[in-house]
Amino acid sequence: MKSIATQLLILTSQRRTQRNLKVLGWFMLILFALMSIHFVLFHVIMEYEGQEHSLMTGLYWVIMTMSTTGFGEIRFSSDLGRIFTIFVIISGTIFLLALLPFMFIQFFYAPWMEAQTAARTPRSLPEDTTDHIVLTRLDPVTEALIAKLKQVGQSYVMIVPDVEQARKLHDMDVRVMVGELDDPATFEAARVRKSAMVVTTRSDAQDTTVAFTVRAVCERVPVVATADLGASVPILELAGATSVVRLDQVMGQALARCIAGGDALTHVVARFDNLLIAEASAARTPLIGKSLRENQLRELGVSVVGLWDRGAFRPARPDTVVDERSVMLLAGSASQLERYDEHFAIYNVSGEPVIVIGNGRIGQATAKALQLRGIDFRIIEKSERRVTMPEKTIVGDAAEPRILEEAGLSKAPTVVITTNADDTNLYLTLLCRKLRPDIEVIARCTLDKHVPALHRAGADFVQSFATIGASSIYNLLQHGRLVTVAQGLEVFDTKVPSSLAGKRIIDSGLREATGCTIVGYRDQGGLTANPPATTVLEPGHELVLIGDLEAREAFLAKYAEQA
Ligand code: AMP
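The model shown is predicted, which means the values in this text are computed figures rather than measured ones.

A word on the overall build of the protein chain. When helices and strands are tallied, the protein chain shows 20 helices and 22 strands. At 35 Å, the protein chain has a C-alpha radius of gyration far larger than the 24 Å of a compact globule built from 563 residues. If one aligns the C-alpha atoms of the protein chain with their principal axes, the spans along those axes are about 120 × 65 × 50 Å. Counting the 563 residues in the protein chain, one finds 51% classified as buried. A fraction of 65% describes how many contacts in the protein chain between residues 6 or more apart in sequence connect residues 24 or more apart. Just so you have it, the protein chain exposes about 26,800 Å², and 57% of that area is on carbon and sulfur atoms.

Put into structure tokens, the structure is as follows:
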């Protein structure tokens, strides 16, 4: 209904349409006058012939004869009547059969269709549009970003140069605007001056053009650009980008962060000021077979937020039992995690290299992050051209068990699968899991929808390019921070919702109502990791929460307005 109203508004507001409707009106008037003359003459000539007919019969005859239907039951008997009939048929053929459809299509139907297209693919946004995000391409990252923006009620618009593509996106329920990305007028029409941010995720060259063009219109608005190559970063900054995100690096770091195998130490996966979220493998430690209550890790200062078990995250409860395959998600300050490490450093020491499959941009970034963490690794790369560290690389197809063996699969604590094809990653996950049931498997995935399949195939951790990329861009919006730990588990901060003010954490019912766990509490004195359950929540103070996408959505639905 709304779209028909918009189309009508567009249709009637155009000057050309008003002219069209006038022409159509004149035509209908002439047609009506012609039919009226025929109607009068019909009755006059019939009377001349001595026939009498009702007014309705006259109208019936005129329409039937003009439309050339001609049943023939009402006929003239004089030559004058027949000549008149011929004239009515000819005028009907011209006016009703030829001109009427033409006029209708030319002056009503075609403009209506045009208006319909214009409503689906506008070339400008309403003048009062503010605080929106301007996007330049729909890809897995921006799709995930749009989902996050919708969660917090932030508006956006996607500018695309091609009308056909815009129409398709509109039908996919994406808010689009048509315009050339190298034309300042496009960004004027997108109300970029009043927008919250421009996010451009096209090729490096196209992103440079976008940044440059936006700057021609507005100096102030933040422009976030993604860069494929390191060399593009200074160029993009020079063109006017305020932040340049290297998604391959972000992704490589995210994959490397997940590695818990090889030791029992904590590995930091997310950081909020002095609050650290870390993972630690329970394999071959005395924690196995006991519940969290029995393990008493709180005495070391750390708190167990939850347990990963082959990709499934379970929030921690006192009676949760730790098993050989559990990877614990811990929260604590740096010194608390250090105490944990001192205690558990002697367990599960592997020293064997981690295997990285694929040496593309993300594989290289993973290897670089491993180097920084001081973890030894071997790379398997199919294409000789792609080898960058020959001393660490086995050239061959990782789908061959012989190559995996050569890379040390039988002893490696972890394999990180980083190829760009989700189906290859699925195949390799199944293969590695089959050859080494106890190895830690970390897989890259491009589309969020493939995450469950990779888990089912046996991956312990899956990092989705779409989610990781979207979170790193979203964080730049400063809506409060958001860090993706893995597989959609997010750490975020928020003001204490007004309905919880004055309540103790233990009485807040937050976890029961939303599934989020409080891992930090910020007051005037700074951030306290793992605040005691008796902490009273004060208005104006901040909470750091952890939860999966559903839990975060539930939190925003219940408390966003109060936070
Ligand atoms: P990218 O396209 O930058 O994500 O890189 C993916 C890398 O993985 C490329 O260098 C591919 O040659 C490599 N790759 C893809 N499939 C395999 C495989 N089965 N074994 C080893 N390397 C692979």
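Here the narrative resumes, following the displayed structure.
What follows concerns the sheet that holds strand 7 (residues 267-272). Strand pairs in the sheet, formed through backbone hydrogen bonds, run parallel or antiparallel to each other. An order of 7-8-11-9-10 is seen for the five strands of this open sheet, with the pairing classed as antiparallel. A single partner strand is all that each edge strand has here, and the edge strands are strand 7 and strand 10 (312-315). Averaged over all adjacent pairs, the angle separating strand axes in this sheet is 25 degrees, with direction ignored. Contacts from helix 12 (residues 334-344) reach strand 7, strand 8 (275-281) and strand 11 (327-332), with the element oriented near 140 degrees to strand 11.

Surveying the vicinity of the ligand reveals 13 residues, the closest of which are E381, D397, A398, N420 and R444. The contact in question runs from an oxygen atom of the ligand to an N or O atom on the side chain of E381, over 2.6 Å. A398 places a polar main-chain atom, nitrogen or oxygen, 2.9 Å from a nitrogen atom of the ligand. A total of 500 Å² of accessible area belongs to the ligand in isolation, and the protein chains cover 87% of it. Considering only residue class, the shell around the ligand consists of two nonpolar, five polar and six charged.

Despite not being glycine, D131 shows a phi value in the positive range, around 60 degrees. Inspection of the secondary structure assignment puts D131 in the loop between helix 4 (79-120) and strand 1 (133-135). Despite not being glycine, Q296 has its phi angle at roughly 50 degrees, a positive value. Of note, Q296 is situated in the loop between helix 11 (292-295) and strand 9 (303-309).

Taken together, the side chains of F104, I105, Y109 and M113 present a nonpolar region at the surface, about 380 Å² in accessible area. Within the element layout of this structure, M113 appears in helix 4. The exposure class assigned to M113 is partly exposed, which follows from its relative accessible area of 33%.

With that out of the way, let us pick up the side chain of T266. Within the secondary structure, T266 is located in the loop between helix 10 (247-257) and strand 7. Assessed through its relative accessible area of 11%, T266 is described here as buried. Non-local contacts of T266, meaning those with residues more than four positions away in its chain, are made with A278, E279, A280, L330, L337, Y340 and D341.

Let us look at the packing of helix 8 (residues 204-217) against helix 9 (residues 232-239). Orientation of helix 8 relative to helix 9, taken along the N-to-C sense of each, is 20 degrees, at an axis distance of 8 Å. Between helix 8 and helix 9, the angle falls in the class roughly parallel. As helix 8 runs across helix 9, the sense of the crossing is right-handed. From helix 8, D204, D207, T208, A211, F212 and R215 reach across to helix 9, where they touch S232, I235, L236 and A239. Here the contact of helix 8 with helix 9 is composed, by residue class, of five nonpolar, two polar and three charged.

In this structure the tally under the stated criterion is 11 aromatic pairs. Centre to centre, the rings of F555 and Y559 are 5.2 Å apart; their planes meet at 45 degrees, and the pair counts as tilted. Taken together, the residues F555 and Y559, both in helix 20 (residues 549-559) and four residues apart, mark about one turn of the helix. For the residue pair F555 and Y559, the accessibility class agrees, reading buried in each case. One aromatic cluster in this structure is built from F42, W61, F76 and F84. Here the basic side chain of K392 rests over the ring of F377, its NZ or CZ set 5.3 Å away from the ring centre. Above the ring of F492, the side-chain terminus of R552 is found at 5.2 Å from the ring centroid.

Turning to the pattern of salt bridges, a few remarks are in order. A full pass over the atoms with the stated rule returns 18 salt bridges. The partner of D171 in a salt bridge is R120, with the nearest N and O atoms 2.7 Å apart. With D171 in helix 6 (residues 163-171) and R120 in helix 4, this pair connects stretches of sequence that are 51 residues apart. A salt bridge links D248 to R246, with the nearest nitrogen and oxygen atoms 3.2 Å apart. The structure contains a network of salt bridges with shared partners spanning D493, K495, R522 and E542.

So, how was this worked out
Residues numbered from 1 in each chain as written. Predicted model: local features only at pLDDT ≥ 70, side-chain atom pairs only at ≥ 80, totals over all residues. Heavy atoms only, no water. Helix = DSSP H or I, 4+ residues; strand = E, 2+ residues; numbered from the N terminus. Rg over C-alpha atoms; globule rule 2.2 N^0.38 Å. Buried < 20%, exposed > 50% of the residue type's maximum accessible area, 1.4 Å probe, protein only. Contact = heavy atoms within 4.5 Å. Areas by Shrake-Rupley, 256 points an atom, 1.4 Å probe, with all protein chains shown as cover. Pairing = 2+ DSSP bridges. Axes fitted to C-alpha atoms, helices over the stretch in contact; angles between N-to-C directions. Near = heavy atom within 4 Å. Polar contact = N/O pair within 3.5 Å; in protein donor to acceptor, adjacent residues only side chain to side chain. Nonpolar A, V, L, I, M, F, W, Y, C, P; charged D, E, K, R; others polar. Patch = residues over 30% accessible without salt bridge, like charges linked within 9 Å, V, L, I, M, F, W, Y side chains within 5 Å. Salt bridge = Lys/Arg side-chain N within 4 Å of Asp/Glu carboxyl O. Parallel < 35°, antiparallel > 145°, perpendicular 65-115°, else oblique. Left-handed = near helix turned anticlockwise from the far one by under 90°. Phe/Tyr/Trp six-rings, centres within 6.5 Å; stacked < 30°, edge-to-face > 60°. Lys NZ or Arg CZ within 6 Å of the ring centre and 35° of its normal.

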